[in-house]
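What follows is each chain in one-letter form.
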Amino acid sequence: MRKDEILTFTENIVSKAKSMGIDDIAIITTRVNEVMYKFSNNQPTVAQSWSSIVISLLIWYKKRSLITEISISKLDESKVLKVIEDFKSTSHLIVESKEYAPLPKGPFKYSTIADTYDPKVLDLMRDPTDVVGEAVNVALEGGVERVAGTLTLLHYLKALSTSGGITVSDEGTKLHIYIRSFIGKEVTGQWSTIARTLKDFNVSEASKMSSELALKGKAKVKVEPIVKVEVPTVSK
C-alpha cells in the first residue's frame, strides 16, 4: 500500500461526506505494519507480524458532533460512509453543542521533521538476522551466558484530510529492542533502546549495558535485617 493510495482514500471520504450534507469533517487514515522477533538462549525463536488500518473521524452535522475510530482490513469507503450516514440519520437524538466552531480553513504550511522515516527499516523487517545477531554476540562478549529479548520494527503511513481544505500525509518508521542478559540461574541485567532510523539505532550499546548490569549483579551481598520484627499472633 502506497502513501498516495491512503491520501486519495482520505480525500474521497471528505468529498463524499460533504455531498451528503455533512457540515464539517476531519479524517485521519493510519496504516501500520509491525513485526516482532523474539530470541531466547542466544537463538531466534519466534517471528510475529501485524497489519492494521484505523480510521479516526470527527464529524459535525447541524451543530452535533461525532468522534470515533473504526478498524478496517482494507481501504473500503463504504464502511466509513456507512458510519457517517448512520450518524447523520440519528443525530437528532444528540443535543446541539453550544461550542460548535467550523474547522480552520487551509491549506497551511508544515515544517518537515528530519529522520522520522528510513526505508532501510522495511528491508530489516523482512530479515533482521544481522541486528539480532549483533545484540546476542555483543552481550556474550561482555561475559554473560545467555541472552533473550525482542526486536520490534514498525512502519506507518498516515493521511489527514478535512473539509477545511487541509490535506497532508506522513510516513515513518520505528525500531525498539529489549535485551536481557543472564548469568547462572539468578543473575540478570536488562536494557532497551529505541529509534526512528537505523543509523540512530544503537543495538551494541544496549547489549553492553545489559551485560554490564548482569555482571554487576554477580557481586550480590546478603543483607541481614537491622530490626527483627515480631509478628503478633491473634487468638480466636
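Up top you'll find the structure we're talking about.
Counting starts from 1 at the beginning of each chain's written sequence and moves along it residue by residue. Selection of residues for local features in this predicted model requires a pLDDT of at least 70, selection of side-chain atom pairs for listing and counting requires 80 or more, and totals for whole chains, interfaces and linings are taken over all residues. By convention in this description, side-chain values take in all heavy atoms of the structure and omit both hydrogens and water.

Q: Which parts of the structure should I look at to understand the nonpolar core?
A: Grouping buried Ala, Val, Leu, Ile, Met, Phe, Trp, Tyr and Cys residues that are joined through side-chain atoms within 4.5 Å yields what is termed a nonpolar core. Between buried and exposed lies partly exposed: a residue is buried under 20% and exposed over 50% of the maximum accessible area for its type, with that area taken using a 1.4 Å probe on protein chains only. F39, L151, L153, I177 and F201 are the most contacted members of the largest nonpolar core, which has 25 residues in total. Sorting the residues of this core by element identifies β1 (24–40), α3 (119–126), α4 (129–141), β4 (146–162), β5 (167–183), β6 (187–195) and α5 (203–217) as the ones contributing at least two each. Top contributing element to this core by residue count: α4, with five residues. One finds A17, I27, I53 and L57 within the second-largest nonpolar core, a separate group that totals 19 residues. Each helix is a run of H or I in the DSSP string that is no shorter than four residues. Each strand is a run of E no shorter than two, and both are numbered from the N terminus.

Q: How should I be thinking about the packing of α4 against α5 in this particular structure?
A: When two helices pack together, their arrangement is given by the angle between the helix axes and the distance between those axes. At their nearest, the axes of α4 and α5 sit 8 Å apart, and the two run at 35° to each other. The two elements α4 and α5 meet at a crossing, and its hand is right-handed. Within the contact between the two elements, α4 uses V131, E134, A135, V138 and A139 and α5 uses V203, S204, S207, K208 and S211. The residue makeup of the contact of α4 with α5, split by class, is five nonpolar, three polar and two charged. Lines fitted to the C-alpha atoms define the axes, with helices restricted to the stretch that makes contact. Angles between their N-to-C directions range from 0 to 180 degrees. Here a crossing is taken to be left-handed if its near helix is turned anticlockwise relative to the far helix by less than a right angle, and right-handed if that turn runs clockwise. We call two residues contacting when some pair of their heavy atoms lies within 4.5 Å. Residue polarity follows a fixed list, in which Ala, Val, Leu, Ile, Met, Phe, Trp, Tyr, Cys and Pro are nonpolar, Asp, Glu, Lys and Arg are charged, and the others, Gly among them, are polar.

Q: Which parts of the structure should I look at to understand the pattern of salt bridges?
A: Pairing between side chains of opposite charge can happen when their charged atoms approach one another. Any carboxyl oxygen of Asp or Glu that lies within 4 Å of a side-chain nitrogen of Lys or Arg is treated as forming a salt bridge with it. Following the criterion strictly, the structure yields eight salt bridges and no others. One salt bridge in this structure joins E77 and K16, with 2.4 Å as the shortest N-O distance. Here E77 is found in helix α2 (residues 77–90), whereas its partner K16 is found in helix α1 (residues 3–19), with 61 residues between them in sequence. A salt bridge links R146 to E145, with the shortest nitrogen-to-oxygen separation between them at 3.8 Å. Put simply, D115, K199 and D200 are held in one network by salt bridges that share partners.

Q: I tried to follow the pairing of β4 on my own but got confused; where do I start?
A: Residues in a regular strand project their side chains so that they alternate between the two faces of the sheet. Where burial is concerned, most of β4 is hidden: 14 out of the 17 residues are buried. One bridge is not enough; two strands pair if DSSP finds at least two bridges between them. Of the pairings in the sheet, the one linking β1 to β4 comprises 14 bridges and is antiparallel in character. Bridged to T30 within β4 is K158. For β4 and β5, the ladder comprises 16 bridges, and the chain directions are antiparallel. When the bridges of β5 are listed, L157 appears paired with E171. The hairpin formed by β4 and β5 contains four residues between the paired strands, and G165 there has a positive phi angle of roughly 90°.

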